[in-house]
Number of protein chains: 2
Amino acid sequence: MVEFSDITDARQRIASKIHQTPIYESSLLNQWLGSRILFKAECLQRTGAFKVRGALNTLAKLAEKNQLPKQIVANSSGNHAQAVAYAAHLYNVPATIYSTKNVSAVKAAATRFYGASLELFETRVEADHAVKAAATHADTLWIPPFNHPDIIAGQGTLMLDSADQVGDVDAVFAPCGGGGLLSGTYISAKALNPNTKVMGAEPLNANDAAESLRQGKIISLKGPPDTLADGAATPSVGEHTFEVLQQIDKLYEVSEQHICYWTQWLQHLLKLHMEPTCAMTMQAVVEWLRSVPANQKVLVLLSGGNIDHKKMTQIWQTDHLSQLPTL
Amino acid sequence: MVEFSDITDARQRIASKIHQTPIYESSLLNQWLGSRILFKAECLQRTGAFKVRGALNTLAKLAEKNQLPKQIVANSSGNHAQAVAYAAHLYNVPATIYSTKNVSAVKAAATRFYGASLELFETRVEADHAVKAAATHADTLWIPPFNHPDIIAGQGTLMLDSADQVGDVDAVFAPCGGGGLLSGTYISAKALNPNTKVMGAEPLNANDAAESLRQGKIISLKGPPDTLADGAATPSVGEHTFEVLQQIDKLYEVSEQHICYWTQWLQHLLKLHMEPTCAMTMQAVVEWLRSVPANQKVLVLLSGGNIDHKKMTQIWQTDHLSQLPTL
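Note that the coordinates shown come from a computational prediction; the quantities given were computed from them, not determined experimentally. (Residues numbered from 1 in each chain as written. Chains lettered and ligands numbered in written order. Predicted model: local features only at pLDDT ≥ 70, side-chain atom pairs only at ≥ 80, totals over all residues. Heavy atoms only, no water.)

### So, the sheet that holds strand β7 (residues 171-175) of chain B
All names here are of chain B.
In step 1: If you walk across this open sheet you meet the six strands as β1-β2-β10-β7-β8-β9, and the pairing is mixed. Taken across any chain shown, the strands that pair with only one partner, and hence form the sheet edges, are β1 (23-24) and β9 (250-254).
In step 2: Sheet topology places β7 next to strand β8 (residues 197-203); five bridges connect them, and they run parallel. By the bridge assignment, phenylalanine 173 is partnered in β8 with methionine 199. (Pairing = 2+ DSSP bridges. Helix = DSSP H or I, 4+ residues; strand = E, 2+ residues; numbered from the N terminus.)

### Overview of the relation of the copies chain B and chain A
In step 1: For the pair chain B and chain A, the superposition axis carries a translation of 0.0 Å, the fit reaches an RMSD of 0.0 Å, and the rotation angle comes to 180 degrees. Here the symmetry operator amounts to a two-fold rotation axis. It is leucine 272 of chain B whose C-alpha, among those of chain B, lies nearest the rotation axis, at 2.2 Å.
In step 2: Taken together, the interface assignments show that 100% of the residues at the interface of chain B recur at the interface of chain A, consistent with an identical surface on both copies. (Least-squares fit on C-alpha atoms with pLDDT ≥ 70 in both. Contact = heavy atoms within 4.5 Å.)

### As for the sheet that holds strand β3 (residues 71-75) of chain B
Residues and elements named next belong to chain B.
In step 1: Strand order in this open sheet of four strands is β5-β4-β3-β6, and the pairing throughout is parallel. For this open sheet the edge positions go to β5 (117-121) and β6 (140-142), each flanked by a neighbour on one side alone. Going across the sheet, the axis of each strand differs from the next one's by a mean of 25 degrees, ignoring polarity.
In step 2: Of the strand pairs in this sheet, β3 and strand β4 (residues 95-100) are connected by four bridges, and their pairing is parallel. Of the residues in β4, the one forming a bridge with asparagine 75 is tyrosine 98. (Axes fitted to C-alpha atoms, helices over the stretch in contact; angles between N-to-C directions.)

### Some remarks on helix α8 (residues 180-192) of chain B
In step 1: For α8 of chain B, built from 13 residues, the straight-helix expectation of 18 Å at 1.5 Å per residue is met to within 8% by its first-to-last C-alpha distance of 19 Å.
In step 2: Within α8 of chain B, burial applies to Gly180, Leu181, Leu182, Ser183, Gly184, Thr185, Tyr186, Ile187, Ser188, Ala189 and Lys190 of chain B. (Expected span 1.5 Å × (residues − 1). Buried < 20%, exposed > 50% of the residue type's maximum accessible area, 1.4 Å probe, protein only.)

As structure tokens, then:
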């Protein structure tokens, strides 16, 4: 079980290695919704996403105990790959990322720029097998994307940093993929103020976490989900994250139409190139605001900004900007 | 003729009314190009663009002399409309913006949000006639988009603010539409350091400024240009801006292909939702870097971030992210 002190410790470890990303808000959006919505622009973080927090905490903690591995491996085609590459480079440990051959040129270039090797396979299953085999080698550390206390503690620092900037809030919203960010956020936010609501958003088309909460046990997606929010397409949560997720105030399931709508609007209003995965949380905010009095103070964690070309064309296919946001 | 002291005066007038927007850079891009490129993220400015600087300077200067008008008018379908609406609202003067009926819902909503009325016409020519007629009324001020010393002095504050953040640079690049930003930038930059190169970028498909410089007189476009960089689609520069533009170090003409390429890449690398008009300047940077030794320190002014839906689909139509930037 991750404690609040694990998160404050994590913050001490990683603070000098990451940016303090800014908080933005839109006066138009605030007026339209009748509440104040504060956005933590973590898409401006090193490597373009919050994932670097968990990876750095993992390695910094090992470094403190002189237990750094001789080699690091990870399997990811997303933000975790770049996070691990960046963190491994900072600690001078060679890293290998196992991914699929259809990884975008941009992501491959970024991962290599941070100093990692890439091993590319035809399928995700082959890549997953390969990383498992590699992790059995001596002195090799496999850094998981979410289901580990050190990762959860690292991701929990995003809420801590935000609270320094915005003070007390009525509610905080984060996206839910594997649940690392959302569970870390829950532990931080409730320790700072038990009255702060902590809520999550997940694509309706990849609603394994919501289904797991309904059934009281971890349920996996049956196949690769069809969702714009690729950062939340994780097949299932893990036992560490599920334990915390069971305590959050609410998990909203968001349609593809709403994910697309809010990605266009938040990119436009905030002038930030943010992923559908984090813009998705705005639909949860709106649904919650409909159920409470006006003038709420809300924090939204914008988790990342790495979007490939194909996803951008999908996001901007239909015109959603002609329909103004409203409660 | 605008003097440097007009710009320092303008800064004193407007500093408390605008954001100090951040400077960002991409370590990947710096490595690929072998120089350091610093980006002034003015797309994060109030109203989403630098235009608010000139409009505020105009009104603040009149307010100092107790000469505020009873009414303000302007003709624009772009960033100038929102800038005038915002500035007029701050000084409690009613404003009317004359535009065309095809103005996007987003821009219309923003202009009204800042408190201005919108008068919409079938064509741009009708809107221009209407604003001219309105400007003849007593106590009515028509705020022009670029061709006025107070506007140029206001836009010149962007370079001053940037210099405070980044110090001395080898070169600064700005887009050229009517030339307000570029001429203000020239006056600021050369006063701070005469050795700093000041260069501009203009769409090849709307190259009236480049043509004017070649012919030594102001040349107008023959019709509405076909360019992604709508902020630089102005039919001609003005006599005030042309006088300064004739002194700049170089004006680059950028193809539509390159405008699109750099809009995708800068949105991706910097995680900023920026207009093609400012991303365009990056092609000028690359062409200049090819002609000089490595390790230059370059400042790029990212002028704005208001992009309608149609423009976004055009920007992301072709995949440019598969081809990495290089010198």
